[in-house]
Amino acid sequence: MASNPRLLSAPAYLTDSGAAYCGDSIDLLAQLPDNSINLVFTSPPFALQRQKAYGNKDQAEYIDWLAAFAREVKRVLKDDGSFVLDLGGSYEKGTPARSLYNFRVLIKFCDDLGFFLAEDFYWFNPSKLPSPIEWVNKRKLRAKDAVNTVWWFSKTEWPKADITKVLAPYSDRMKKLLVDPDAFYTPKMRPSGHDIGRGFAKDNGGALPSNLLQIPNTESNGLYLDGCKTVGEKQHPARFPAKLPEFFIRMLTEPGDIVLDIFAGSNTTGQVAEAEARQWLAFELSRDYVATSAFRFLNGENTHDEMRQLYDRIEGGQTVDLNDYIFQRTLLPAAS
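What counts, and at which threshold
- Within each chain, residues carry numbers counting from 1 in the order of the written sequence.
- Local features are withheld for residues below a pLDDT of 70 in this predicted model, meaning they are given only at 70 or higher, and side-chain atom pairs are given and counted only at 80 or more; totals for whole chains, interfaces and linings count all residues.
- With hydrogens and water excluded, all non-hydrogen atoms of the structure serve as input to the side-chain values.
- Only DSSP runs of H or I with at least four residues qualify as helices, and only runs of E with at least two residues qualify as strands; both kinds are numbered from the N terminus onward.
- By convention, a stacked pair of Phe, Tyr or Trp rings (six-membered ring in the case of Trp) has centres within 6.5 Å and planes under 30 degrees apart, an edge-to-face pair has planes over 60 apart, and any other such pair is tilted.
- Exposure categories follow from relative accessible area, calculated using a 1.4 Å probe and restricted to protein chains: below 20% of the type maximum is buried, above 50% is exposed, and the middle band is partly exposed.
- Lysine and arginine charges are scored as sitting over a ring when NZ or CZ, respectively, is within 6 Å of the ring centre and within 35 degrees of the ring normal.

## Regarding unusual backbone geometry
- Cis geometry is adopted by the peptide bond preceding Pro132, which originates at Ser131 and carries an omega value of -5°.
- Mapping Pro132 onto the fold places it in the loop between β5 (116-124) and α4 (133-138).
- With a phi angle near 50°, Asn35 is a residue other than glycine that sits in the positive phi range.
- For Asn35, the position within the fold is in the loop between α1 (25-29) and β3 (37-42).
- If you check the backbone angles, Asn267 has positive phi at about 65° while not being a glycine.
- In this fold, Asn267 is placed in the loop between β10 (258-261) and α8 (268-275).

See the structure below:
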């Protein structure tokens, strides 16, 4: 098991498995040794036309801005490591024409930085609110934008991966087929050219996953939101569901591997990595977001006074060992 790298900068908080740092990710990445990280999973501020509270860049400068981080990511990745990047879609300013910025990021990273595209994934969020309002809600010219592109980059052509760790549940029909194969199919060559033999009826524990990830973003984040309310801070406005990093952490890493999020926000990635017995690092520029993200690791036994104390210590620049508090090592179930 690799040891979690220690940076020159002091962490804002830490656990037995990870550490969260407040600072510019470019500076923090520079403190990491070469070939030290197994997986970088992140969702950077998107290139939107309207400025958001979390500091997104204008589309025109976005690609070069993001590429500066990606160069450092490539350096710190192990040869079999992966870089997974979640990017939301956008429109050109003032028109219902889609921006190509997320695809330009893909081309830039592969053509200019030397990454390989291991696979393109698409995160479908059925609970996403209709947007943009002008083209979808008002004029009814475009369908709701409910899919993010998720680029799985790798440092070499052969990144570590195991899809048996992320098998999907069998459909009801497949479950019936496994019980009585002869009632559902006859082994033979299909018109498509696929040779369907008797091995098709073998129970492999689940179905092969697709690159379309249907994950509603409806988690309550109860402890995190409760903590934000307790200290009077706004929650991070662009949180992704735990199931998104969980899929890639399980598929692309093993217990003890090191996972890094360079735009950590509320640190969902670190929380999932902790629950999955991975080591983790979280980099975030906003101290307010870093301080409130610590609430993710607490449980219902912490008092509001303890939560305020924890927040104040991080805001004051102290390094807080969360072992001094009660924190959860497994994820609480998502709200239905």
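What follows continues from the structure just given.
## What to know about the packing of aromatic side chains
- Under the counting rule described, the total for this entry stands at 23 aromatic pairs.
- Where Trp65 meets Phe69, the ring centres are 5.1 Å apart and the plane angle is 70°; that geometry is what we call edge-to-face. Pair noted here: Trp65 and Phe69 are both in helix α2 (residues 59-76), with a separation of four residues, about one helical turn.
- On the basis of an interplanar angle of 40° and a centroid distance of 5.7 Å, the ring pair of Trp65 and Phe263 is categorised as tilted. In this pair, Trp65 is assigned in helix α2 and Phe263 in the loop between β10 and α8, connecting sequence segments 198 residues apart.
- Given the relative accessible area of 15%, Phe263 is considered buried.
- Stacked on the ring of Tyr91, the Lys or Arg Arg98 has its end atom at 4.8 Å from the ring centre.
- Sitting over the face of the ring of Tyr224, Arg296 holds its NZ or CZ atom 4.8 Å from the ring centroid.

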